[in-house]
Amino acid sequence: MSAPAFKFIPRGAILQDFLVGGKNIVLGFRNPEEYLDNPNYFGAAIGRVANRISSATLKNVNGQDYPLAANNGKCALHGGPLGWDKKDWRLVEKSSGGGKEVVVFALTSPHMEEGYPGTVECVVRYTQYKDGPKEVLEIDFEAKLVDGLGEDVNETVINLTNHSYFNIADGPTIAGTYITFPNSTNYLPVDEHGIPKNPPTIAQYPGIETNKPFLLTVTEPDIDDCFILNPEPSTIPLDTRSLPLKTAVQAFNPETKLHLEVMTTEPAFQFYTGKYIGIEARKDGSPERVARAGFCVEPSRYVDAGNIEAWKRMVLVKRGDVYGSRIVYKGWKDESTPILPAAAAETAGKKGRKTKRKGQHKNCVIL
């Protein structure tokens, strides 16, 4: 078997390498020690709750409210200042067979860590293999509320994702890459804090059409929103892994001939074009990363679902419940792919809604 296309490290259960056609298409650092300073969450498993929580407060869980650290304006973001991306996960399995390589990390998050109630056990399973010319990575999350010491907790809230940034272009930014949302361009309109407006609604994203490619340039479109794949919250199970995979995003660069496809069982995904990336060159030789050095596709549940009663069941984990989700990345190079019509795609890109929020990103696209 050839050398694996993917590499992982225990810190944050991070995806460090995703090699396609000789290029590492995920942003990161060469030395694992550099991930001790990873402000943009490169490649990390995000928990206990991905995306934003309004007013940095988890409301009406176990019959009470739980104050959280406000690390993004007035909101709690990505599990807090010391979220799961900053934890050293345990490597519990590394195996190979049947043409597949498996790496499994586990983490125990204690009661009241970062303000969240209950002790949670989480496992993330990475399965990598080839499908013809395509390099494939399956990411399976599973989490449970378990018994802790001296705690009286019957439920908690969980929402997990992977926070890899992708760049399939031949340059320091994502300029020249075409993006397609093949299943949905519906999204959650949000306020200036990145929280769904009250009352929450699902709307058509302006300037982007379903299954029609648009071009990423050096500055446009500026997107940081949650897109919806399943607009019926009452039908979303706590463990989505039994559901069929849907394609959230397809990406293609006509210069490098590289392709990326992100699929998921999750009902939504955050698409972020990297406006706030800003990383200086590191001592290990890792290059400077500038604004729009990569784009994110973060499959997950709806933004702030734990604080919206109509959405709460998709993230509320009680004793005996299993939270689960699946994400699949596919990358390949295809020299025969024709160049896309730039004029039409560029027009779509220029119409994209500009993000007005300041600071780190967080909204999501719904599948």
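For every chain, the first residue of the written sequence is number 1, and numbering continues from 1 onward in sequence order. Local features are withheld for residues below a pLDDT of 70 in this predicted model, meaning they are given only at 70 or higher, and side-chain atom pairs are given and counted only at 80 or more; totals for whole chains, interfaces and linings count all residues. With hydrogens and water excluded, all non-hydrogen atoms of the structure serve as input to the side-chain values.

Some remarks on the overall build of the protein
Helical segments are the DSSP runs of H or I of at least four residues, strand segments are the runs of E of at least two, and each set is numbered from the N terminus. When its secondary structure is counted, the protein shows 1 helix and 26 strands. Across its three principal directions, the C-alpha atoms of the protein cover 60 × 45 × 40 Å. Taking all 367 residues of the protein together, 59% fall into the buried category. By the counting rule applied here, Lys and Arg register as positive and Asp and Glu as negative, while His and the ends of each chain are not counted. By convention, the point assigned to a charge is CZ for Arg, NZ for Lys, CD for Glu and CG for Asp. Side-chain charges of the protein comprise 43 positive and 44 negative groups, with the mean position of each set lying 3 Å from the other. Think of it in three bands: with a 1.4 Å probe and only protein chains considered, a residue is buried below 20% of the maximum accessible area for its type, exposed above 50%, and partly exposed in between.

Re the pairing of strand 7 (residues 64-67)
In this analysis, strands are considered paired if DSSP registers two or more bridges between them. Pairing between strand 6 (residues 57-61) and strand 7: 3 bridges, direction antiparallel. The partner of T57 across the bridge, within strand 7, is P67. In this antiparallel pair of consecutive strands, strand 6 and strand 7, the connection spans 2 residues, and N62 shows a positive phi of 55°.

Here we look at the pattern of salt bridges
Opposite charge on two side chains permits pairing when their charged atoms draw close. Definition used for salt bridges: Asp or Glu carboxyl oxygen within 4 Å of a side-chain nitrogen of Lys or Arg. Here the structure, examined in full by the defined rule, presents 18 salt bridges. Ionic pairing is found between D37 and R282, a salt bridge with its closest N-O pair at 3.5 Å. Residue D37 is found in the loop between strand 3 (23-24) and strand 4 (45-46), and its partner R282 is found in the loop between strand 23 (268-272) and strand 24 (295-300); the two are separated by 245 residues along the sequence. Several salt bridges converge on common partners, so that one network encompasses E34, D37 and R282.

Some points on the sheet that holds strand 16 (residues 177-180)
What the 9 strands build is an open sheet, ordered 9-10-11-12-26-22-21-16-19; its pairing is antiparallel. Looking at the sheet topology across the chains shown, the edges are occupied by strand 9 (90-97) and strand 19 (214-216). When the angles between neighbouring strand axes are averaged without regard to direction, this sheet yields 20°. Here 7 bridges tie strand 22 (residues 258-264) to strand 26 (residues 323-333), and the two strands are oriented antiparallel to one another. Bridge pairing in strand 26 places L260 opposite G331. Here the axes come from fitting lines to C-alpha atoms, over the contacting stretch only for helices, and the angles between their N-to-C directions go from 0 to 180 degrees.

Overview of the environment of L91
Along the chain, the position of L91 falls in strand 9. Residue L91 is classed as partly exposed on the basis of its relative accessible area of 48%. Separated by 81 residues in the primary sequence, L91 and P10 have C-alpha atoms spaced 6.6 Å apart. What makes two residues a contact is simply this: any of their non-hydrogen atoms within 4.5 Å. Beyond its immediate sequence surroundings of up to four residues, L91 is in contact with V103, V104 and F105.

Section: the packing of aromatic side chains
Stacked, tilted and edge-to-face are the three classes applied to pairs of Phe, Tyr and Trp rings, where Trp contributes its six-membered ring and a pair requires centres within 6.5 Å; stacked means planes under 30 degrees apart, edge-to-face means over 60, and tilted covers the rest. For the structure on display, the rule yields 21 aromatic pairs. For the pair F29 and F42, a centre-to-centre distance of 5.5 Å together with 40° between the ring planes defines the contact as tilted. Remark: F42 occurs in the loop between strand 3 and strand 4 and F29 occurs in the loop between strand 3 and strand 4; sequence separation between them is 13 residues. Residue F29 is classed as buried on the basis of its relative accessible area of 4%. By definition, being over a ring means that NZ of Lys or CZ of Arg is both within 6 Å of the ring centre and within 35 degrees of the ring normal. Sitting over the face of the ring of Y129, K100 holds its NZ or CZ atom 4.8 Å from the ring centroid. Against the face of W332 rests K134, its NZ or CZ located 4.3 Å from the ring centre.

Quick notes on the state of the cysteines
Only a pair of cysteine sulfur atoms within 2.5 Å qualifies as a disulfide here. Following the criterion strictly, the structure yields 0 disulfides and no others. With no disulfide of its own, C122 lies closest to C296 among cysteine sulfurs, the gap being 19 Å. Look at C122 and you get buried, because its relative accessible area is 1%. On the basis of relative accessible area, C296 is assigned to the buried category, the value being 0%.

Some points on the pairing of strand 23
Among the 5 residues of strand 23, 5 are classified as buried, and the element is accordingly described as predominantly covered. Burial along strand 23 is two-sided: the face carrying A268, Q270 and Y272 and the face carrying F269 and F271 are both buried. Sheet topology places strand 23 next to strand 24; 4 bridges connect them, and they run antiparallel. Bridge assignment links Q270 to a residue of strand 24, and that residue is E298.

Remarks on the nonpolar core
With 55 residues, the main nonpolar core has F271 and F295 as its most contacted residues. When residues in this core are grouped by element, the largest group, 5 residues, is from strand 12 (residues 134-146). By nonpolar core we mean a set of buried residues, namely Ala, Val, Leu, Ile, Met, Phe, Trp, Tyr and Cys, connected to one another through side-chain atoms within 4.5 Å. The next biggest cluster of nonpolar side chains, apart from the first, holds 23 residues, and it includes W311, M314, V315 and L316.

A word on the sheet that holds strand 24
Spatially, 15-24-23-20 is the arrangement adopted by the 4 strands of the open sheet, whose pairing is antiparallel. Whereas interior strands pair on both sides, the edge strands pair on one side only; in this sheet they are strand 15 (165-166) and strand 20 (224-228).

Quick word on the side chain of T185
With respect to the helices and strands, the residue T185 is situated in the loop between strand 16 and strand 17 (186-187). Note on T185: relative accessible area 1%, which makes it buried. Polar contacts, as counted here, are pairs of nitrogen or oxygen atoms within 3.5 Å of one another; within protein the pair requires one atom able to donate a hydrogen and one able to accept it, and residues that are adjacent in sequence qualify only if both atoms are side-chain atoms. Here the side chain of T185 touches T210 through a polar contact of 3.1 Å, side chain to side chain. Leave out the neighbours within four places in its chain, and T185 touches A203, Q204, Y205, I208, E209, T210 and F227.

Examining the side chain of S54
With respect to the helices, strands and loops of the structure, S54 is situated in the loop between strand 5 (52-53) and strand 6. In contact with S54, other than residues within four places in its own chain, are K59, I195, D304 and N307.

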